[in-house]
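Given next are the chains, with one letter for each unit.
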Amino acid sequence: MTILGTAGVIPDPQRAQSGYLLEKDGRLVLVDCGSGVFGRLAQVSLDWRQLDTFVLTHLHLDHMSDLLSIWAARWLMGAPAVTLYGPSGTREFITKLLELFPYIRDHVGVSVHELRAGQTLSLAGFAVSTLAMNHYVPTLAYKFDDTVVICGDSEPEPALVEFVRGCKVLVHECSFPDDARVPLHTSPTHLGEVLAHAEVEWLVLTHLYPQAAAQTEELIKAVQKGFPKRVTVATDLQTIEL
Ligand SMILES: [Zn+2]
Ligand SMILES: [Zn+2]
C-alpha cells in the first residue's frame, strides 16, 4: 500500500487529500481520490496508467475530486476503460458528473458497481468486504484480503472491532484533536476507547486537519490510552508492506 494523501479538506505542503494505492500481483486499486492525489500518483514508481480500478469510501469532494482528471489522462494515454466501486448513490453521482464533461463521458467507459454494507466480493484480485460507517453521507470501510482495512470518514464505529479482527493494518481517520472534536468525524481519545479491544496489529491515523497535523505525537498518545498497540500517523508517499 502506498499512502498518497493524508489531509482532510485542507491540504498543506506535506499532505494531499485522501488517497490509498494498493498493489498486488501487478494489479492496482486506488481507494479514494481527493485533490492532489493525481500529482502524488505521478511521484510513485508504479505506473498509474495501469490503474483501472477505483474505490470510493463516500462521495465527498475531498475523496473524489481528482477522479475525472485521472480518467481523462488515461483516455489520452489510450486506456479509456475504468471500473468504479462505491456506496449507494455512486451511479447517479457519476452519471450527473459526466454529463457536465461530455468530452470525457464520450471517451471513457465507466463500469459502476454500487456496494452495500456487509457485502463481500472479489475486486481486482482482492477479496473485499464492506462495513457501514457513521458520516454525513453513505460511507463504507473496505477490508482487503483480511489484511488491511481502509475506513472512510466517520465517528469511530464500534462494529470495526469485529471487522478488523486478525488484520494487520487499520487505516482510520483522525480529523481533529480532542479539544476540537466534530460530530461524525474522529478525535483520538474516542477512537482509542472504541478500538480498545480490537485485534489489529497496527493503527494508521490519516485525514488530518491542520489542528491535528500540528500535534501528531499527542494524537498517538491519546489513542494509546485506550488502544495500547502500534499507532502511527500516516505521511504522504509512505509505503506499507502488507
Ligand atoms: Zn474527508
Ligand atoms: Zn467526508
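Here, the structure is the one placed above.
Source: prediction; values computed, not measured.

Chemist: Looking at this structure, how should I read the overall build of the chain?
Modeler: From N to C terminus, the chain includes 8 helices and 14 strands. The globule rule puts the C-alpha radius of gyration for 242 residues at 18 Å, and the 17 Å found for the chain is close to it. Viewed in the frame of its principal axes, the chain has a C-alpha envelope of about 50 × 35 × 35 Å. Put simply, the chain has 242 residues, and 55% of those count as buried. Considering only contacts in the chain between residues 6 or more positions apart, those separated by 24 or more positions represent 61%. If you sum the accessible surface of the chain, you get close to 10100 Å²; carbon and sulfur atoms cover 52% of it.

Chemist: Any chance you could explain the coordination of the zinc ion (ligand 1) here in plain terms?
Modeler: A four-donor tetrahedral metal ideally has 109.5 degree angles, and a six-donor octahedral metal ideally has angles of 90 or 180 degrees. Here the zinc ion (ligand 1) is held by Asp62 (OD), His63 (NE2), Asp153 (OD) and His207 (NE2), and the distances to it run 2.1 Å. Angles of 93 to 163 degrees at the metal separate the 4 donor atoms of the zinc ion (ligand 1), which places the site in the irregular class. The two metals, the zinc ion (ligand 1) and the zinc ion (ligand 2), are separated by 3.5 Å and share Asp153 as a common coordinating residue. Placement of His63 in the loop between β4 (53-55) and α2 (67-76) and of Asp153 in the loop between β10 (148-150) and α5 (160-163) is noted, with a sequence separation of 90 residues between them. The burial state of His63 is the same as that of Asp153; both residues are buried.

Chemist: Would you mind showing me how to read the coordination of the zinc ion (ligand 2) here?
Modeler: Bound to the zinc ion (ligand 2) on the protein side are His58 (NE2), His60 (ND1), His135 (NE2) and Asp153 (OD), at distances that span 2.2 to 2.4 Å. In this structure, the zinc ion (ligand 2) is coordinated by 4 donor atoms arranged in irregular fashion, with angles at the metal of 91 to 166 degrees. As a motif over one chain, the donors of the zinc ion (ligand 2) read H-x1-H-x74-H-x17-D. Given a relative accessible area of 0%, His58 falls into the buried group.

Chemist: Would you take a moment to explain the nonpolar core for this structure?
Modeler: Here is a general trend for soluble globular proteins: nonpolar side chains tend to be buried in one another's company. Leu21, Leu30, Leu41, Phe54, Leu67, Trp71 and Ile94 are the most contacted members of the largest nonpolar core, which has 29 residues in total. Per-element accounting of this core gives the leading share, 6 residues, to α2. Here Leu41 is in contact with Leu4, Leu21, Trp48, Leu51 and Ile70, once residues within four sequence places are set aside. With 26 residues, the next largest nonpolar core counts Leu170, Leu203, Leu205 and Val233 among its residues.

Chemist: Hey, could you run me through helix α8 (residues 216-224) in this one?
Modeler: Within an α-helix, residues lying three or four positions from one another point in the same direction, as the helix has 3.6 residues per turn. Of the residues making up α8, those classed as buried are Leu219, Ile220, Ala222 and Val223. The arc that holds the buried residues of α8, viewed along the axis, is 165 degrees, so those residues lie on one side. Looking at the packing, one finds that the buried side of α8 touches α6 (188-194), β12 (202-206), α7 (210-213) and β13 (230-233).

Chemist: What should I look at first to understand the packing of aromatic side chains in this one?
Modeler: The way to describe two aromatic rings as a pair is by their centre distance and the angle between their planes. A full pass over the atoms with the stated rule returns 6 aromatic pairs. For the ring pair Phe176 and Tyr209, a centre distance of 4.5 Å and an interplane angle of 25 degrees mean the geometry is stacked. Residue Phe176 is located in the loop between β11 (169-173) and α6, and its partner Tyr209 is located in the loop between β12 and α7; the two are separated by 33 residues in the primary sequence. Among the aromatic side chains, those forming a connected cluster through ring pairs are Phe126, Tyr142 and Phe144.

Chemist: Just to check I follow, could you spell out the sheet that holds strand β14 (residues 238-239) for this structure?
Modeler: The strands making up a sheet associate through backbone hydrogen bonding, with each pair oriented either parallel or antiparallel. Ordered in space as β6-β5-β4-β3-β2-β1-β14, the 7 strands form an open sheet in which the pairing is mixed. Only two strands of the sheet have a single partner each, and these edge strands are β6 (109-114) and β14. Where β4 and strand β5 (residues 81-86) come together, 3 bridges link them in parallel fashion. Residue pairing across strands places Thr53 opposite Thr83, the latter belonging to β5. Across the sheet, α2 touches β3 (27-33), β4, β5 and β6, and the angle it forms with β5 is around 160 degrees.

Chemist: Where do I start with the environment of Gly89 in this structure?
Modeler: Structurally, the position occupied by Gly89 is in the loop between β5 and α3 (90-99). In this structure, the C-alpha to C-alpha distance between Gly89 and Ala196, residues 107 residues apart in sequence, is 33 Å. Leaving out residues up to four positions away in the same chain, Gly89 has contacts with Leu59 and Glu114.

What counts, and at which threshold
- Residues numbered from 1 in each chain as written.
- Chains lettered and ligands numbered in written order.
- Predicted model: local features only at pLDDT ≥ 70, side-chain atom pairs only at ≥ 80, totals over all residues.
- Heavy atoms only, no water.
- Helix = DSSP H or I, 4+ residues; strand = E, 2+ residues; numbered from the N terminus.
- Rg over C-alpha atoms; globule rule 2.2 N^0.38 Å.
- Buried < 20%, exposed > 50% of the residue type's maximum accessible area, 1.4 Å probe, protein only.
- Contact = heavy atoms within 4.5 Å.
- Areas by Shrake-Rupley, 256 points an atom, 1.4 Å probe, with all protein chains shown as cover.
- Donors = N, O, S within 2.8 Å, 3.2 Å for Na, K, Ca; no water.
- Tetrahedral: all angles 85-135°; square planar, octahedral: opposite > 155°, others 65-115°.
- Core = buried A, V, L, I, M, F, W, Y, C linked by side-chain atoms within 4.5 Å.
- Arc of directions from axis to C-beta.
- Phe/Tyr/Trp six-rings, centres within 6.5 Å; stacked < 30°, edge-to-face > 60°.
- Pairing = 2+ DSSP bridges.
- Axes fitted to C-alpha atoms, helices over the stretch in contact; angles between N-to-C directions.

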